[in-house]
Amino acid sequence: MALKAVHVSDVPTLDHVPDNNALYASRFTTRVELGRGASLKDHNNKKFLVIGHRGNGMNMLQSSDLRMKAVKENTILSFNTASQYPIDFIEFDVQVTSDGCPIIFHDNFIYTEEKVGRTIISGKRVTELSLSEFLCYGPQREDGREGKALWRKMKDGKVVNWAVERDDCACTLQEAFERVNPALGFNIELKFDDHLVYTQDYLTHVLEAVLEIVLKHAKERPVIFSSFQPDAALLVRKLQSTYPVYFLTNGGNEVYEDGRRNSLDEAIKVCLEGGLQGIVSEVRGIFRSPGMVNKIKEAGISLLTYGKLNNVAEAVYIQHLMGINGVIVDLVKEISDAVRKMVTDEEEEEEEEEQVIEILSSSSSSLEGEGEGEGDDDDDGQPKKKQQQLQRPQFSQRELSFLLKLIPELLQ
């Protein structure tokens, strides 16, 4: 089975991901069982997971790729759109309002238009809003009611209109549990501002509000907690023992004041010291240091990745070969369809191989009584050679190392 080559021009830039998404290997079969009924020992599932980023994919409003603006991210519409495809989990961001309600929204600040003599764009911190104030932004539930126009601040500081093809209302965590397909797992990212220092009391207040909803409404739904905030990740692990907790890391691509966030080695330490079950790393950190995969696995820690390269099927395939447990993707339809196609092909190949090998084994047995050495001139007789030829090709460590070296070159 050959690995399809990816051209340099196919690697996504910050605002575009390629249409070319033919995935050539995966263990994906059926949705994983990882919830209230599952032991934490089962978290390191052998199955390769496909997880929808913010539902059906994050919104990249300045992108020329219309797929990145098809459905409003982190909404019930986005979650249910993603659930139509054979994925295991959706990932979304949870914050808690000033009156203690867990809501789903990624950004630290929310922006809208205001007229104060002239039209200006104003922003407010999401966690300083009450639930009713937060729900006033964007489309409204009641017919005829107009919400505040939603704008978004980009990393370059530019503020743009949050326009998508299919819009939807803002939602709470409880609504997600009530209105999204219960077979679909939730990867709940506990969202905090990288630039703020949080007290233990505040973290406890936020996490207890989230856990109250999860423990009441999750039922048998698979749930994973994750957070970039190391203290929050450690604390949610202490507050409950039902659901796995993963530590999110940029994998060394950026430097933070908190040293625990600056490398995969530090992430391993956080997990081992706090009893966390997994790491979610930016994929470039893994490709730049592929040897860390074995180190993480040897520590008994599950490993997922996120990042734009996960929208390139070949990059996902390499991660599968490396033993990574799953990927968070934006192009949910394209990647999941490619994975499903590959599984079908792989199962058919395995059935054919088993049938041919069985025939060869029977033929070999019938020849044993016809004379010693017939058809077996040396230790590697013809039947054995044919069996070897029928086995699925495997990449050697040298070949895999070569493939991994290509990715950092493309990243430059």
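Here is what the cut-offs are and how they apply
- Per chain, residue numbering runs from 1 following the sequence as it is written.
- Per-residue local features are limited, in this predicted model, to residues with pLDDT of at least 70; the limit for side-chain atom pairs, both in listing and counting, is 80 or more; totals at the level of whole chains, interfaces and linings are taken over all residues.
- To obtain the side-chain values, all non-hydrogen atoms of the structure were included, while hydrogens and water were left out.
- Every helix listed is a DSSP run of H or I at least four residues long, and every strand listed is a run of E at least two residues long, numbered separately from the N terminus.
- With a 1.4 Å probe rolled over the protein chains alone, any residue whose accessible area is under 20% of its type maximum counts as buried; one over 50% counts as exposed, and the rest are partly exposed.
- In what follows, a contact means two residues having at least one pair of non-hydrogen atoms within 4.5 Å.
- By definition, a salt bridge exists where a carboxyl oxygen of Asp or Glu is found within 4 Å of a side-chain nitrogen of Lys or Arg.
- Axes here refer to lines fitted to C-alpha atoms; in helices the fit is confined to the stretch in contact. Angles between the N-to-C directions go from 0 to 180 degrees.
- When describing relative orientation, an angle under 35 degrees is termed roughly parallel and one over 145 degrees roughly antiparallel, while 65 to 115 degrees is termed roughly perpendicular and anything else oblique.
- By the definition used in this description, the sense in which the near helix is turned from the far one sets the handedness, with an anticlockwise turn below a right angle giving left-handed and a clockwise turn giving right-handed.
- The nonpolar class holds Ala, Val, Leu, Ile, Met, Phe, Trp, Tyr, Cys and Pro. Asp, Glu, Lys and Arg form the charged class, and all remaining residues, Gly among them, are polar.
- Each polar contact in these results corresponds to two N or O atoms within 3.5 Å; when the atoms are within protein, one needs to be able to donate a hydrogen and the other to accept it, and residues that are neighboring in sequence are counted only if both atoms are side-chain atoms.
- Scored between 0 and 100, pLDDT is the confidence that the predictor attaches to each residue.
- Only centres within 6.5 Å qualify two rings of Phe, Tyr or Trp (six-membered ring in Trp) as a pair; their planes then separate them into stacked at under 30 degrees, edge-to-face at over 60, and tilted for everything else.
- The term disulfide is used for any two cysteine sulfur atoms that are within 2.5 Å.
- Any two strands are treated as partners once DSSP identifies two or more bridges connecting them.

A. Here's a closer look at the overall build of the chain. Of the regular secondary structure elements, the chain holds 12 helices and 14 strands. Sorting the 412 residues of the chain into buried and exposed places 51% on the buried side. Sequence separation of 24 or more characterises 70% of the internal contacts of the chain that already satisfy a separation of 6 or more.

B. Just the pattern of salt bridges, in detail. By the definition in use, this model includes 18 salt bridges. Salt-bridge contacts for Asp193 lead to Arg125; the nearest nitrogen and oxygen are separated by 2.8 Å. One end of the pair, Asp193, is in the loop between strand S9 (185-190) and helix H4 (200-217); the other, Arg125, is in strand S5 (residues 118-125), with 68 residues separating them in the sequence. When its relative accessible area of 6% is taken as the criterion, Asp193 is described as buried.

C. Structural view of helix H9 (residues 313-322). In terms of burial, H9 is largely enclosed, as 9 of its 10 residues are buried. For H9, the full list of buried residues reads Ala313, Glu314, Ala315, Val316, Tyr317, Ile318, Gln319, His320 and Met322. Positive backbone phi, approximately 95°, marks Gly323, located one or two places after H9.

D. Structural context of the packing of H4 against helix H5 (residues 230-239). Running from amino to carboxyl end, H4 crosses H5 at an angle of 55°, the nearest separation of the two axes being 10 Å. On the basis of their axis angle, the class for H4 and H5 is oblique. Read as a crossing pair, H4 and H5 show a hand that is right-handed. Taking contact as the criterion, the partners of Gln200, Leu203, Thr204, Leu207, Glu208 and Leu211 in H4 are, on H5, Asp231, Ala232, Leu235, Val236 and Leu239. Each residue belonging to the contact of H4 with H5 can be placed in one class, and the counts come to 7 nonpolar, 2 polar and 2 charged.

E. Focus on the side chain of Ser227. Within the secondary structure, Ser227 sits in strand S10 (residues 223-227). Those residues within four positions of Ser227 in sequence are excluded, and the remaining contacts are Leu190, Phe192, Ala232, Ala233, Tyr246, Phe247 and Leu248.

F. Main features of the environment of Ser302. Counting through the fold element by element, Ser302 comes out in strand S13 (residues 302-306). Sequence separation of Ser302 and Ile324 is 22 residues, and the distance between their C-alpha atoms is 7.8 Å. At 3.3 Å, the side chain of Ser302 and the side chain of Asn325 are in polar contact.

G. Quick peek at the environment of Ala149. As for its placement among the helices and strands, Ala149 is situated in the loop between helix H2 (131-134) and strand S6 (151-153). Owing to a relative accessible area of 34%, Ala149 belongs among the partly exposed residues under this scheme. Each C-alpha atom, one on Ala149 and one on Asn161, is 8.0 Å from the other, the two residues being 12 residues apart in sequence. Every residue in contact with Ala149, bar those within four places of it in the chain, is listed here: Tyr111, Thr112 and Glu113.

H. Summary view of the packing of helix H6 (residues 264-274) against helix H8 (residues 291-298). It is at 11 Å that the axes of H6 and H8 come closest, and there the two elements cross at 5°. With respect to each other, H6 and H8 are oriented roughly parallel. On the side of H6, the interface is formed by Leu264, Asp265 and Ile268, while H8 contributes Met292, Lys295 and Ile296. Each residue belonging to the contact of H6 with H8 can be placed in one class, and the counts come to 4 nonpolar, no polar and 2 charged.

I. Molecular detail of the confidence of the model for the chain. Of all residues in the chain, 72% attain a pLDDT of 70 or more, and the chain-wide mean is 82. Contacts for the low-pLDDT stretch residues 35-44, under 50 throughout, to residues beyond four places or in other chains number 33 contacts.

J. Inspection of the packing of aromatic side chains at higher detail. Per the counting criterion, the structure on display carries 9 aromatic pairs. Ring centres of Phe92 and Phe186 lie 5.0 Å apart, and the angle between their planes is 80°; this geometry places the pair in the edge-to-face category. Of this pair, Phe92 sits in strand S2 (residues 89-96) while Phe186 sits in strand S9, and the two are 94 residues apart along the sequence. The residues Phe92 and Phe186 share a single accessibility class, namely buried. Seen in terms of ring centroids, Phe225 and Tyr243 are 6.2 Å apart; in terms of plane orientation they differ by 80°. Their pairing is edge-to-face. On the criterion of sequence distance, the pair formed by Phe225 in strand S10 and Tyr243 in the loop between H5 and strand S11 (245-249) is long-range, its members being 18 residues apart. The class for Tyr243 is buried, based on a relative accessible area of 0%. Each residue in the set Phe79, Phe92, Phe177 and Phe186 is aromatic and connected to the rest through ring pairs, giving one cluster.

K. Quick peek at the state of the cysteines. In this structure the tally under the stated criterion is 0 disulfides. Between Cys169, a cysteine without a disulfide, and Cys171, which holds the nearest cysteine sulfur, the sulfur-to-sulfur distance is 9.1 Å. Owing to a relative accessible area of 16%, Cys169 belongs among the buried residues under this scheme.

L. Highlighting the pairing of strand S4 (residues 109-116). Of the pairings in the sheet, the one linking S4 to S5 comprises 8 bridges and is antiparallel in character. The residue of S5 that forms the bridge with Tyr111 is Gly123. Hairpin remark: S4 followed by S5, antiparallel, with 1 residue in the connecting loop; positive phi at Gly117, about 80°.

M. Structural context of the environment of Lys216. With respect to the helices, strands and loops of the structure, Lys216 is situated in helix H4. For the pair formed by Lys216 and Phe177, sequence separation is 39 residues and the distance between their alpha carbons is 9.7 Å.

N. Structural detail: unusual backbone geometry. Positive phi is not limited to glycine here, since Asn74 has a value of about 55°. Note that Asn74 resides in the loop between strand S1 (49-53) and helix H1 (76-82). Owing to a relative accessible area of 4%, Asn74 belongs among the buried residues under this scheme. The backbone of Lys219 shows a phi angle near 55°, a positive value even though the residue is not glycine. You can see Lys219 is positioned in the loop between H4 and S10.

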